[in-house]
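Residues per chain, in single letters:
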There are 2 protein chains.
Amino acid sequence: MKTLTEAGITEEALARLANCPIPRLKEIMTSLTRHLHEFAREVSLTPTEWEAGIEFLTEVGHITDEKRQEFILLSDTLGLSAMVDIIANRARDNDWTESSLLGPFFRNGAPKFPNDADISDGAAGEKLIVSGQVLSHGGKPIARATVDTWQASADGMYDLQQPHRDEMKLRGRFQTDDDGRFRFRTVRPSSYPVPADGPVGRMLRALGRHPYRPAHLHFMFAARGYRTLTTALYLAGDRYLDSDAVFGAKESLVVRAEPALSSNVKAGAIDFRFILREV
Amino acid sequence: MKTLTEAGITEEALARLANCPIPRLKEIMTSLTRHLHEFAREVSLTPTEWEAGIEFLTEVGHITDEKRQEFILLSDTLGLSAMVDIIANRARDNDWTESSLLGPFFRNGAPKFPNDADISDGAAGEKLIVSGQVLSHGGKPIARATVDTWQASADGMYDLQQPHRDEMKLRGRFQTDDDGRFRFRTVRPSSYPVPADGPVGRMLRALGRHPYRPAHLHFMFAARGYRTLTTALYLAGDRYLDSDAVFGAKESLVVRAEPALSSNVKAGAIDFRFILREV
């Protein structure tokens, strides 16, 4: 019988994976086990600290339901989600538009709108005209692409965080025209804190970190023959651009709202070219 | 604004810990973040795999309640609990009795028994006489030490897993006599599977691992002036001794049940010297 030393226990735990019938699972669990053990050894994790970790994860599990996914929030705030996103887009060169996190507020089946529609439904805030063109790698406009967009209000709240959460607000589905263009009216979203009233919020406070995301508009583009692109545009000048609590903001996705000349009311305007990757 | 590359995202996530006011927390989170990111990078974790991980942890959280702690089971089966235990006992030399996992079946306030009592309450199984002596490092008997013991039945079930789970069975609290000795009667416990009907059980099956623990009796020793020792004795000859699903079995804690000569019925007997560490 083996005597389990600090090194031996890792060896033994890895040896137990010998009969794993799924090679990819074996690969993942080998790396995970090794890093988990190395972490514990590196910091000399005490039983009390281990227990605190178990209690923390239990709380994360118990606060998670259909409306709230605290494990995703934990992954987001530790930079793991951003890492997975970067890895998934490893192969991209600089021509394609960068992806950004889906986040917890996407909803399938958002109301369909014609171009130029106003998705703000009278919500308060600075008016914003958003336009974009969806293009192929070679610069060919992609017509009839589906464009989902969703965003926070000027108060930094998504419809899902409102008392009447069943109502869809500040989100919509558009279709690009023959030139691959889409355009809609809305209000400028605000930066906002990720849900900070749970264990992850407590973790951020203990770490001396703020819970804010810089102001942004989410987009998801789908078109036959192209990979679906989940991304976001971040508004230049936001104070949290460099310290996004979930590491989602990317330089290539920052846009500046310029005064809209075409509008008869005071409004900002942003315009962006989204380049999709062929399947 | 920084462009977040694979290496950059880790750097950035570590930089966010700069203002952490608790040095030990900062140390732990630095190591954890680095290993978490390295794991994802090493295996090129895909968004689908990441999602499967989130769903797995969510399930572990949702099945956990006051009666069942699936996160501890997860930690146990990955060898993390055993690692923490080994680290905590790093300083020990070979004179002290090795520790072993507390496990999920310890209960505070087990019934007190005088020495020689039978804790089996008529339960079926091979009779076993358990005796021990509790000693200091220098070999001095420790009188009036509290000895908690708890074990599975001959069917491999703890009282907590029985329909009438409020009844305390096959557990008890003893006190050592002037010679540091204690003794009780019971039945030989059986090897048993850890709870395998949840996500951790599914994980073990996917990994091609069995869920069994070798037969053992748990002990917890408490005495003024000594560190509390949580340990277990493992019965020699058990087929799972070398592949304990939770990595708890240790060579130094294996005992062989010998025929009990003093008993008027057929019984096995085990005897062990437990050496406690001074505070």
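The shown structure was predicted, so the numbers you read here are calculated from the model rather than taken from an experiment.

A few points about the packing of helix H5 (residues 80–88) of chain A against helix H1 (residues 6–15) of chain B
Then, in step 1: Where H5 of chain A meets H1 of chain B, the closest approach of the two axes is 9 Å, and the angle between their N-to-C directions is 170°. Relative to H1 of chain B, H5 of chain A is oriented roughly antiparallel. From H5 of chain A, Ala82, Met83, Ile86 and Ile87 of chain A reach across to H1 of chain B, where they touch Glu6, Ile9 and Thr10 of chain B.

A short note on empty space enclosed by the protein
Then, in step 1: This model, assessed by the stated rule, comprises 5 cavities of 30 Å³ or more.
Then, in step 2: In this structure, the largest cavity spans a volume of roughly 130 Å³.
Then, in step 3: What lines the largest cavity is a set of 16 residues, and nearest its centre among them are Gly103, Pro104, Tyr192, Val194 and Arg213 of chain B.
Then, in step 4: Sorting the residues of the lining of the largest cavity by element identifies helix H4 (70–77) and strand S5 (192–193) of chain B as the ones contributing at least two each.
Then, in step 5: A breakdown of the residues in the lining of the largest cavity according to their chemical character gives 11 nonpolar, 3 polar and 2 charged.
Then, in step 6: In this structure, the second largest cavity is lined by Leu73, Asp76, Leu101, Gly103, Pro104, Phe105, Tyr192, Val194, Pro195, Arg213, His218 and Val246 of chain A.
Then, in step 7: When the residues that make up the lining of the second largest cavity are grouped by side-chain class, the tally is 8 nonpolar, 2 polar and 2 charged.

What to know about the nonpolar core
Then, in step 1: Ranked by size, the top nonpolar core spans 68 residues in total, and within it Ile9, Leu45 and Met203 of chain A together with Ile9, Leu45 and Met203 of chain B carry the most contacts.
Then, in step 2: Apart from the residues lying within four places of it in its own chain, the contact partners of leucine 45 of chain B are Arg24, Ile28, Val84 and Ile87 of chain A together with Phe39, Ala40 and Trp50 of chain B.

Some thoughts on the sheet that holds strand S4 (residues 181–187) of chain B
All names here are of chain B.
Then, in step 1: The mixed open sheet is built from 4 strands, whose spatial order is S4-S1-S11-S10. With one partner strand each, in any of the chains shown, S4 and strand S10 (258–259) form the two edges of the open sheet.
Then, in step 2: Inspection of the sheet shows S10 paired to strand S11 (residues 268–275) by 2 bridges, in the antiparallel sense. Across the sheet, residue glutamate 258 finds its bridge partner in S11, namely alanine 269.

With respect to the domain arrangement of chain A
Then, in step 1: For chain A, the assigned domains read domain 1 (6–45) and domain 2 (80–275).
Then, in step 2: The straight-line distance from the C-alpha centre of domain 1 of chain A to that of domain 2 of chain A is 39 Å.

Regarding the packing of helix H3 (residues 47–63) of chain B against helix H6 (residues 199–206) of chain B
Residues and elements named next belong to chain B.
Then, in step 1: Following both chains from N to C, one finds H3 and H6 inclined at 135°, their axes separated by 9 Å at the closest point. As summarised for this structure, H3 and H6 are arranged oblique, according to the angle between their axes. Touching Phe56, Glu59, Val60 and Ile63 of H3 are Pro199, Val200, Arg202 and Met203, all from H6.
Then, in step 2: For the contact of H3 with H6, the residue count by class is 6 nonpolar, no polar and 2 charged.

Some words on the relation of the copies chain B and chain A
Then, in step 1: Rotating chain B by 180° about the axis while translating it 0.0 Å along that axis superimposes it on chain A, leaving an RMSD of 0.0 Å. Expressed as an axis order, the relation between the two copies is that of a two-fold axis. Taking the C-alpha atom as reference, chain B places glycine 61 of chain B closest to the rotation axis, 1.9 Å from it.

Section: the packing of aromatic side chains
Here the distance between the centres and the angle between the planes together describe a pair of aromatic rings.
Then, in step 1: Across all of its chains, the model carries 31 aromatic pairs over all chains by this definition.
Then, in step 2: Arranged with centres 5.8 Å apart and planes meeting at 10°, the rings of phenylalanine 219 of chain B and phenylalanine 221 of chain B form a pair that is stacked. Both residues of the pair, phenylalanine 219 of chain B and phenylalanine 221 of chain B, count as buried.
Then, in step 3: Counting every residue linked through ring pairs, the aromatic cluster contains Phe113, Phe174, Phe182, Phe184, Phe219, Phe221, Phe272 and Phe274 of chain A.
Then, in step 4: Over the ring of tryptophan 96 of chain A we find arginine 277 of chain A, and its NZ or CZ is 4.8 Å from the ring centre.

A look at the layout of surface pockets
Then, in step 1: Put simply, the second largest pocket is a space of about 1500 Å³.
Then, in step 2: Lining the second largest pocket are 48 residues, and of these Trp50 of chain A together with Ile72, Leu102, Gly103 and Pro104 of chain B sit closest to its centre.
Then, in step 3: If you list the elements that add at least two residues to the lining of the second largest pocket, you get helix H3 (47–63) of chain A together with H4, helix H5 (80–88) and strand S8 (229–235) of chain B.
Then, in step 4: If you tally residues by element for the lining of the second largest pocket, the top one is H3 of chain A, at 8 residues.
Then, in step 5: Its residues assigned to classes, the lining of the second largest pocket comprises 19 nonpolar, 14 polar and 15 charged.
Then, in step 6: The residues that make up the lining of the second largest pocket include at least three from each of domain 1 (6–66) and domain 2 (80–275) of chain B.

What counts and what doesn't
- Residues numbered from 1 in each chain as written.
- Chains lettered and ligands numbered in written order.
- Predicted model: local features only at pLDDT ≥ 70, side-chain atom pairs only at ≥ 80, totals over all residues.
- Heavy atoms only, no water.
- Axes fitted to C-alpha atoms, helices over the stretch in contact; angles between N-to-C directions.
- Helix = DSSP H or I, 4+ residues; strand = E, 2+ residues; numbered from the N terminus.
- Parallel < 35°, antiparallel > 145°, perpendicular 65-115°, else oblique.
- Contact = heavy atoms within 4.5 Å.
- 1 Å grid on protein atoms, 1.4 Å probe; cavity = no way out; pocket = protein on both sides within 12 Å on 5 of 7 lines; lining within 4 Å.
- Points joined across faces, edges and corners; volume = space filled by probe spheres on them.
- Nonpolar A, V, L, I, M, F, W, Y, C, P; charged D, E, K, R; others polar.
- Core = buried A, V, L, I, M, F, W, Y, C linked by side-chain atoms within 4.5 Å.
- Buried < 20%, exposed > 50% of the residue type's maximum accessible area, 1.4 Å probe, protein only.
- Pairing = 2+ DSSP bridges.
- Domains from an automatic or database assignment.
- Least-squares fit on C-alpha atoms with pLDDT ≥ 70 in both.
- Phe/Tyr/Trp six-rings, centres within 6.5 Å; stacked < 30°, edge-to-face > 60°.
- Lys NZ or Arg CZ within 6 Å of the ring centre and 35° of its normal.

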